[in-house]
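# What the coordinates show
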Amino acid sequence: MNKIGVLTSGGDAPGMNAAIRAVVKAANYYHLDVMGIQYGYQGLIDGKIHRLTSSEVEDIADRGGTILKTSRSLEFMEETGRKKALEVLGKFDINSLVVIGGEGSLKGAEKLHELGIKVIGIPGTIDNDLTYTDYSIGFDTTLNTILDCMGKIKDTDFSHDKTTIVEVMGRYCGDLALYSALAGGGEIISTPERKLDFDTICSKLRSRITGGKNDNLVIVTERMYDLQELQRYIEEKLNISVRTTVLGFIQRGGNPSAFDRVLAGEMGVMAVELLMNGQSGQAVGIKENIIIHKELENVNVEMTEKQDKYRLLEKLLH
Ligand code: F6P
């Protein structure tokens with residue numbers, strides 16, 4: 001092995017650049033070149049590849065997004081697309097690859113592993129929905145962004161005795177909502193793992209209002225409700241004024257937190273070390289503060305309720 005390819009795929013996540021930097025630095029330490037593949041798997045198919053120099057990555061750890069750019073490639077999902085990708089890897093003499101991305105991207109990495117490419121995956125997604133790892137790169141930064149936004153919404157809610165429904169990202173995983181609530185960012189939460197119906201949300205709000213708390217945040221994970229319908233329902237049932245804020249893409253941008261940069265640095269180096277040790281088909285992760293790796297075939301996003309955290313939350317939000 002004298003060359004490693006690296007790509008970022010799927011939704012960007014803050015900290016991906018720190019991971020790219022770590023891959024390049026660690027590879028250079030072992031006198032290996034790194035080929036940067038732009039636009040994820042689509043760029044691989046299209047041959048958008050250049051050598052990444054250490055000076056190109058030296059100062060990128062603090063930047064959000066991904067300098068390699070990213071995409072969600074439909075072509076790569078087809079066998080013909082993957083065959084093309086394989087040919088391009090051969091043309092550039094790349095037989096080892098680091099893939100940074102979420103579930104779909106790591107599934108793609110597994111396919112390349114099955115086709116004989118040496119591949120290591122790094123979890124890069126704000127959703128934190130991969131069950132094999134406690135944290136994915138980007139989650140912590142997004143959580144902090146959400147808390148910052150919620151603080152601002154709370155100021156105006158307090159001033160007007162207002163209730164606001166705040167929708168956060170997460171795809172089908174409630175971690176961003178759950179951790180926001182644990183960090184003191186909201187009063188009532190509904191996540192895919194513990195979905196509240198409209199009446200339960202109303203009765204929780206009613207008991208808070210009766211207890212004298214007139215400004216309240218209702219945090220919900222995206223894709224769960226028709227928010228206008230929920231807002232109307234609460235307004236009519238409780239006769240209060242409600243607003244809705246969808247945080248949207250501000251959650252995915254921004255400078256990565258220290259936690260995400262450190263995590264990305266550790267995972268990037270670990271990925272290169274695994275390749276150096278002849279390993280393939282592995283996804284790097286973190287469990288109980290230790291950097292670990294698991295077979296890519298065991299990567300999934302099963303909805304697992306974080307029971308310990310919900311149990312603690314019940315004592316915080318009542
Ligand atoms: O997976 C990251 C994520 O931001 C999800 O939270 C969200 O549901 C999705 O990507 C949005 O995808 P897109 O960028 O394709 O609109």
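A brief report on the enclosed structure follows. (Residues numbered from 1 in each chain as written. Predicted model: local features only at pLDDT ≥ 70, side-chain atom pairs only at ≥ 80, totals over all residues. Heavy atoms only, no water.)

## Regarding the site of the ligand
If you check the shell around the ligand, you find R72, I126, D127, M169, G170, R171, E222, R223, F249 and R252 and nothing else. Here an oxygen atom of the ligand sits 3.0 Å away from a polar atom, N or O, in the side chain of R72. Contact between the ligand and R252: an oxygen atom at 2.8 Å from a side-chain N or O atom of the residue. Of the pockets mapped on this structure, the ligand occupies the largest pocket. (Near = heavy atom within 4 Å. Polar contact = N/O pair within 3.5 Å; in protein donor to acceptor, adjacent residues only side chain to side chain. 1 Å grid on protein atoms, 1.4 Å probe; cavity = no way out; pocket = protein on both sides within 12 Å on 5 of 7 lines; lining within 4 Å. Sits in = over half its atoms within 2 Å of the grid points.)

## Describing helix α9 (residues 227-238)
For α9, with 12 residues, the first-to-last C-alpha span of 16 Å sits near the 16 Å given by 1.5 Å per residue. For α9, the complete set of buried residues consists of L227, L230, Q231, I234 and L238. For α9, the buried positions fall inside an angular range of 100° around the axis, keeping them on one side. Opposite the buried face of α9, by more than 90 degrees, sit the exposed residues Q228 and E236. On the buried face of α9, the contacting elements are β6 (163-168), α8 (198-210), β8 (216-221) and β9 (242-246). (Helix = DSSP H or I, 4+ residues; strand = E, 2+ residues; numbered from the N terminus. Expected span 1.5 Å × (residues − 1). Buried < 20%, exposed > 50% of the residue type's maximum accessible area, 1.4 Å probe, protein only. Arc of directions from axis to C-beta. Contact = heavy atoms within 4.5 Å.)

## Comments concerning the nonpolar core
Core analysis: the largest hydrophobic core is formed by 56 residues, its most contacted members being V98 and V168. Here this core gathers at least three residues from each of two domains, domain 1 (3-125 + 256-301) and domain 2 (139-253). Residues contacting V168, with those up to four places away along its chain left out, are I146, M150, L176, A177, I219, V220, T221, E222, L247 and Q251. In this structure, M35, L44, A283 and L296 belong to the second largest nonpolar core, which totals 25 residues. (Core = buried A, V, L, I, M, F, W, Y, C linked by side-chain atoms within 4.5 Å. Domains from an automatic or database assignment.)

## Quick word on the packing of α8 against α9
A packed helix pair is summarised by two numbers, namely the angle formed by the two axes and the spacing between the axes. Interaxial distance between α8 and α9 falls to 10 Å at its minimum, and their mutual angle equals 45°. Comparing the axis directions of α8 and α9 gives the class oblique. Handedness of the crossing formed by α8 with α9: right-handed. Counted together, F198, D199, I201, C202, L205, R206 and I209 of α8 and E229, L230, Y233, I234, K237 and L238 of α9 form the full contact between these two elements. Within the contact of α8 with α9, the residues separate by chemical class into 9 nonpolar, no polar and 4 charged. (Axes fitted to C-alpha atoms, helices over the stretch in contact; angles between N-to-C directions. Parallel < 35°, antiparallel > 145°, perpendicular 65-115°, else oblique. Left-handed = near helix turned anticlockwise from the far one by under 90°. Nonpolar A, V, L, I, M, F, W, Y, C, P; charged D, E, K, R; others polar.)

## Here's the deal with the packing of aromatic side chains
If you walk through the whole model with that rule in mind, you get 8 aromatic pairs. For the pair Y29 and Y30, a centre-to-centre distance of 5.1 Å together with 90° between the ring planes defines the contact as edge-to-face. By relative accessible area, Y29 is classed as exposed at 62%. The class of Y30 is partly exposed, set by a relative accessible area of 29%. Summarising the aromatic geometry, the rings of Y41 and F76 are spaced 3.9 Å apart at their centres and angled 5° between planes, so their arrangement reads as stacked. Of this pair, Y41 sits in helix α2 (residues 40-45) while F76 is found in the loop between α3 (54-57) and α4 (79-91), placing the two residues 35 residues apart along the sequence. According to the relative accessible area criterion, Y41 is buried, its value standing at 4%. These aromatic residues form a ring-pair network of at least three members: Y135, F139, Y179 and F259. It is R223 that lies over the ring of Y172; its NZ or CZ is 5.0 Å from the centre. (Phe/Tyr/Trp six-rings, centres within 6.5 Å; stacked < 30°, edge-to-face > 60°. Lys NZ or Arg CZ within 6 Å of the ring centre and 35° of its normal.)

## Re the pairing of strand β10 (residues 282-287)
Sheet faces and side chains relate simply in a regular strand, where the side chains alternate between the two faces. The element β10 is extensively covered by neighbouring structure, given that 5 of its 6 residues are classed as buried. Of the pairings in the sheet, the one linking strand β5 (residues 118-123) to β10 comprises 2 bridges and is parallel in character. Residue pairing across strands places G121 opposite A283, the latter belonging to β10. The pairing of β10 with strand β11 (residues 290-295) spans 6 bridges and is antiparallel. The residue bridging Q282 from the neighbouring strand is E295, located in β11. Between β10 and the antiparallel strand that follows it, β11, lie 2 residues; E288 among them carries a positive phi value of about 45°. (Pairing = 2+ DSSP bridges.)

Geometric descriptors of this kind do not, in isolation, establish any biological role.
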